[in-house]
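# Survey of secondary and tertiary structure
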Amino acid sequence: MIELKQRISFIHKIHLFNGLKDEELAGIAEKLVEKIITPGQVVFESGSVPDGFYMIFSGQVKVTRPRQAGSDCS
């Protein structure tokens, strides 16, 4: 589990939270829900209804999307 101090430090670096005081960041950090994703596990599929806002604390994620017919970019 990620400690509160680490969470605050992490979200402090995210542009979305610029200008917030440490006390405000702590309030947000306390509400974060950790989710451990295993390699190869799908986090979110295109067209699905969102169930949250994801931030990657450590590791990597690969973002892909299916090509549309006639499209040359992915």
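First, a word on what this report is: a plain description of the structure on this page. (Residues numbered from 1 in each chain as written. Predicted model: local features only at pLDDT ≥ 70, side-chain atom pairs only at ≥ 80, totals over all residues. Heavy atoms only, no water.)

So, on to the overall build of the chain. When you go through the chain residue by residue, the secondary structure sums to two helices and zero strands. Taken over the C-alpha trace, the chain has a radius of gyration of 16 Å; the compact-globule value for 74 residues is 11 Å, which it surpasses by more than 25%. If you line up the chain on its principal axes, its C-alpha atoms span 50 × 30 × 20 Å. Here the chain displays about 6,800 Å² of accessible surface, and carbon together with sulfur accounts for 54% of that area. Taken as two groups, the 9 positive and 9 negative side-chain charges of the chain have centres that lie 5 Å from each other. (Helix = DSSP H or I, 4+ residues; strand = E, 2+ residues; numbered from the N terminus. Rg over C-alpha atoms; globule rule 2.2 N^0.38 Å. Areas by Shrake-Rupley, 256 points an atom, 1.4 Å probe, with all protein chains shown as cover. Lys, Arg positive; Asp, Glu negative; His and termini not counted. Charge placed at Lys NZ, Arg CZ, Asp CG, Glu CD.)

A few words on the packing of aromatic side chains. The full count for this structure, using the stated rule, is one aromatic pair. Judged by centre distance (5.2 Å) and plane angle (65°), the rings of Phe10 and Phe57 are edge-to-face. Of this pair, Phe10 sits in helix 1 (residues 4-12) while Phe57 is found in the segment after helix 2 (22-31), placing the two residues 47 residues apart along the sequence. (Phe/Tyr/Trp six-rings, centres within 6.5 Å; stacked < 30°, edge-to-face > 60°.)

By themselves, these figures tell us nothing about what the structure is for.
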